[in-house]
Number of protein chains: 6
Amino acid sequence: MKSKTPKESYAISTHLVLPNETNLLGNLMGGRLLHWMDITAAIAAHRHSQRVVVTASVNHVSFERAIRLGDYVTIEAKVSRAFNTSMEVFLDVTVETGFTGERIKSNDATYVFVAVDQVGKPIEIPQLTPETELEKERYATALQRRQLSLLLSGKIDPDDAPELKELFFSKKKK
Amino acid sequence: MKSKTPKESYAISTHLVLPNETNLLGNLMGGRLLHWMDITAAIAAHRHSQRVVVTASVNHVSFERAIRLGDYVTIEAKVSRAFNTSMEVFLDVTVETGFTGERIKSNDATYVFVAVDQVGKPIEIPQLTPETELEKERYATALQRRQLSLLLSGKIDPDDAPELKELFFSKKKK
Amino acid sequence: MKSKTPKESYAISTHLVLPNETNLLGNLMGGRLLHWMDITAAIAAHRHSQRVVVTASVNHVSFERAIRLGDYVTIEAKVSRAFNTSMEVFLDVTVETGFTGERIKSNDATYVFVAVDQVGKPIEIPQLTPETELEKERYATALQRRQLSLLLSGKIDPDDAPELKELFFSKKKK
Amino acid sequence: MKSKTPKESYAISTHLVLPNETNLLGNLMGGRLLHWMDITAAIAAHRHSQRVVVTASVNHVSFERAIRLGDYVTIEAKVSRAFNTSMEVFLDVTVETGFTGERIKSNDATYVFVAVDQVGKPIEIPQLTPETELEKERYATALQRRQLSLLLSGKIDPDDAPELKELFFSKKKK
Amino acid sequence: MKSKTPKESYAISTHLVLPNETNLLGNLMGGRLLHWMDITAAIAAHRHSQRVVVTASVNHVSFERAIRLGDYVTIEAKVSRAFNTSMEVFLDVTVETGFTGERIKSNDATYVFVAVDQVGKPIEIPQLTPETELEKERYATALQRRQLSLLLSGKIDPDDAPELKELFFSKKKK
Amino acid sequence: MKSKTPKESYAISTHLVLPNETNLLGNLMGGRLLHWMDITAAIAAHRHSQRVVVTASVNHVSFERAIRLGDYVTIEAKVSRAFNTSMEVFLDVTVETGFTGERIKSNDATYVFVAVDQVGKPIEIPQLTPETELEKERYATALQRRQLSLLLSGKIDPDDAPELKELFFSKKKK
């Protein structure tokens, strides 16, 4: 199976924040953004694997700033690393305010998807060859996120996660 | 401000999986479950704080088994630890199949909410006093999850997270 | 077929009132509440019968007080009486206001469901054994509501409804 | 305030039954139909009163036959009687199957609405002058339904409901 | 196949403009109205052809005046001309304001539908016999709209569209 | 006011076709696509004008091929010409099938938007300077589409539309 680049899986979607998606203060509810990110990430995972994909996990997501009614939310997704049957998708979220058009970074996130066949059995996918500096960095740290995920769900021991330890002993992240 | 117990914030919601919430294999999409969990968790956070609450972060969530069209998804939420202005909500998700009624654990998750006043400024909330064994365990580990969250977003150093290290050196989780 | 208790069918759901569900005065529209009650009642009916269930009728429902945008609506449902292939579900609705957390009774309602097999034919269900005082009272009055329903749809004569007459000659209801 | 005729309040709406509105057997869920009827009835009540209207109650509704995915549901509503600040709306529901176009009566229902001013206080509305035979019959029986509703909610005694007794001692209904 | 009249295909639907369908100024978004018109037009096309119908094209639509939150939008549709396997549906949209009940013409539009069999292949439909003056005028101009549509999509030459030229040289339209 | 280029207004959105958006044959309903296109086009119009924008009209749209349940629909929008207070947005729609990933052109469309101030009054917008060959061609033909639109709504005479005549006498379109 031929390796692919991150840009081959690139997916993007823009959403207008409507009243039903906001709380009493007029801010976008976090769960709705998680939902939108899942769909955009699934498109990227599908473009990489050309298979039906199912969400396997979501890594830690922070919502740093409020997104307002009438704002436009842009979600960009690319596969950041492929494993045997699963792949990590990295998402970057930016927001433009409805009136001024100012465009700012809102947050990022990583989702993991598994590719499955018609009966839902995991199936092998192409490997990923990162191209840009950012893609390479995300490719490298994906392994750490995977070890953290396996550790958090009790599937491996800390000793099986050497790359993860690095993460915890490097001061600067992202 | 008087301390509260987890059961005072208990919130529960049951959802029927409808066609629009499933993928081509007829399985519930992960993003939709994340959205439902956010709303149920917000109700628990609101019951604890009696304030408007906003989602601050979602910790790592795994989707271990497929949830099917026609299944009933029950989400139960309780505040597991209160900090100054934020609180962690622990969610347990169970699923009943539409035809047989078998009821099984699907997954769990933790969301963090911040209580805010009318202009969106964080505001102090009551502390939490866990009662049952499970509540006490979740209260204890909430600190580790908070340290992990701060570490992952680059806000603290590993040296500032002593409880987290414990987590990584205990073999069994949850 | 083994008899079941009301608590075995207990279903509960909590909803946040969002903008799209309110009228120009910011109050929850009655039809939306009827819709939510139907889904929660169907879950209770399904839990009792372990069958696909279809709504057969809704008894008289009053909306006594306005429910506001941002309120949390909790719907609790239990089967109140089982007949051959149909069952009555009793619903209690309470409301918490978004800002103060005050929790008050909103209204109650009864829906009737029929259990059906794969081709939609009605199928026998377990009988119900009420346990608490309230469950026993609702079990008893369910017969009157059934007679009223049959009478209103022209399927029986007043003479076939002796228990109903009692209802009309007892001063106090509910 | 000038009296109005039922046809001045006539409202009609047609809906296509989509997948999300059906159960596992592909039949329209009862709660969705109750929701659609509420909106169409509200339009009729608004046309009669030219005021914001709120649902006060729904009388007994039976769902006699299954409505299928892809069917077209037509809901017709007219005010059937006006009281001081409230009015009853009578709804007739017909269904056309997606493939053959056969058009059959599905069910009928009555909803009661209250007209309110800008702060939600009930406000006087025009009286109704029925014109056709059917409108006159529905106008007459509306009083009985109102007495039954007041009786069921414990607001009047059976002795205060003379017209209702007639209903129960006439063999044929509707 | 027996010819039909426009009134046999008459379809009507009324919608309440809810918050989620409006922009930051509280006006109905154009795309939502296009969506509602498509569904009502499909019902008319189905009533004429008794077949599954698919939207083939939409002619030029202008939105002359803003429709407000809380307004009622009524869409009326009738087949205006039938061709071999396709038909044009003419839509008239009127709006009533939520508070005053004033009812005004909003806009009109024409959609073209194709009738298809179970595998999606176009299939012959009944011809249309217009009855009223307005129906006859719309029947006549439908041919011009069809030629314009074919011309715009490059399927015919101007020389193949004699009726269209008339349209362009008559001063008054609609 | 400084002129802008089409790429400054570029907006893109990708949608997964879910069950509720399809007809009985499993094809995306035309009205839903019109709705999605309106939102994406509004984002482009907003990016050009930095104002609230309202849909003024939609030009002729053809749906040449069926889009299937599970397909991914990508909508790309750029302002193609700016007038005083209005602007034309050109949309290109492509479709990827859910299983094979094949990506094909589906259709194109043009929407016209007006920029308005806080009270809904039209307001001046920046001019557009096309850069690529395709942008220049679309810029040129926008004038013809505008004349056609004005002619169809009876606001100008054919003699006021010299560029339009060219369109009708050139054999090839798009």
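The text that follows walks through the structure, step by step, so that each part is easy to find. Just so it is clear, the model here is predicted, and its values are computed rather than measured.

The interface of chain C with chain D comprises 42 residues on the first partner and 42 residues on the second. Both faces combined, the contact of chain C with chain D buries some 3600 Å², and carbon together with sulfur accounts for 65% of it. Taken together, the connections running from chain C to chain D amount to two salt bridges. Between the two partners, chain C and chain D, sit 12 residue pairs in polar contact (both at pLDDT 80 or more). Contributing elements (two or more residues each) for the side of chain C that touches chain D: α1 (30-49), β2 (52-58), β3 (61-62), β6 (103-116), α2 (133-152) and α3 (162-169) of chain C.

What follows covers the arrangement of the chains. With respect to C-alpha atoms, chain A approaches chain D no nearer than 18 Å, and the pair has no contact. Chain B makes no contact with chain E; the smallest distance between any of their C-alpha atoms is 18 Å.

With six of six residues buried, strand β1 (residues 11-16) of chain A is to be regarded as a mostly interior element. Of the two faces of β1 of chain A, both are covered, the one formed by Ala11, Ser13 and His15 of chain A as well as the one formed by Ile12, Thr14 and Leu16 of chain A.

So, about the sheet that holds strand β6 (residues 103-116) of chain E. One open sheet accounts for six strands, arranged β1(E)-β4(E)-β5(E)-β6(E)-β2(E)-β3(F); its pairing is antiparallel. The open sheet has two free edges, formed respectively by β1 (11-16) of chain E together with β3 (61-62) of chain F, since each of these has just one partner strand. When strand β5 (residues 86-96) of chain E meets β6 of chain E, the two strands line up antiparallel, connected through 11 bridges. Of the residues in β6 of chain E, the one forming a bridge with threonine 94 of chain E is lysine 105 of chain E.

Let's shift gears to the packing of α1 of chain C against helix α1 (residues 30-49) of chain D. It is at 8 Å that the axes of α1 of chain C and α1 of chain D come closest, and there the two elements cross at 175°. Taken together, α1 of chain C and α1 of chain D sit at an angle that is classed as roughly antiparallel. Taking contact as the criterion, the partners of Gly30, Gly31, Arg32, Leu34, His35 and Asp38 of chain C in α1 of chain C are, on α1 of chain D, Gly30, Gly31, Arg32, Leu34, His35 and Asp38 of chain D. Its residues assigned to classes, the contact of α1 of chain C with α1 of chain D shows two nonpolar, six polar and four charged.

Our next topic: α1 of chain C. Residue and element names in this part refer to chain C. Taking 1.5 Å as the rise per residue, α1 with 20 residues should run 28 Å; its terminal C-alpha atoms sit 28 Å apart, in good agreement. The buried fraction of α1 amounts to 19 of the 20 residues, a majority that puts the element mostly inside the structure. At the exit of α1 stands glutamine 50, carrying a positive phi of roughly 50°.

The rules behind each value
- Residues numbered from 1 in each chain as written.
- Chains lettered and ligands numbered in written order.
- Predicted model: local features only at pLDDT ≥ 70, side-chain atom pairs only at ≥ 80, totals over all residues.
- Heavy atoms only, no water.
- Contact = heavy atoms within 4.5 Å.
- Buried area = accessible area lost by both parts, 1.4 Å probe.
- Salt bridge = Lys/Arg side-chain N within 4 Å of Asp/Glu carboxyl O.
- Polar contact = N/O pair within 3.5 Å; in protein donor to acceptor, adjacent residues only side chain to side chain.
- Helix = DSSP H or I, 4+ residues; strand = E, 2+ residues; numbered from the N terminus.
- Buried < 20%, exposed > 50% of the residue type's maximum accessible area, 1.4 Å probe, protein only.
- Pairing = 2+ DSSP bridges.
- Axes fitted to C-alpha atoms, helices over the stretch in contact; angles between N-to-C directions.
- Parallel < 35°, antiparallel > 145°, perpendicular 65-115°, else oblique.
- Nonpolar A, V, L, I, M, F, W, Y, C, P; charged D, E, K, R; others polar.
- Expected span 1.5 Å × (residues − 1).

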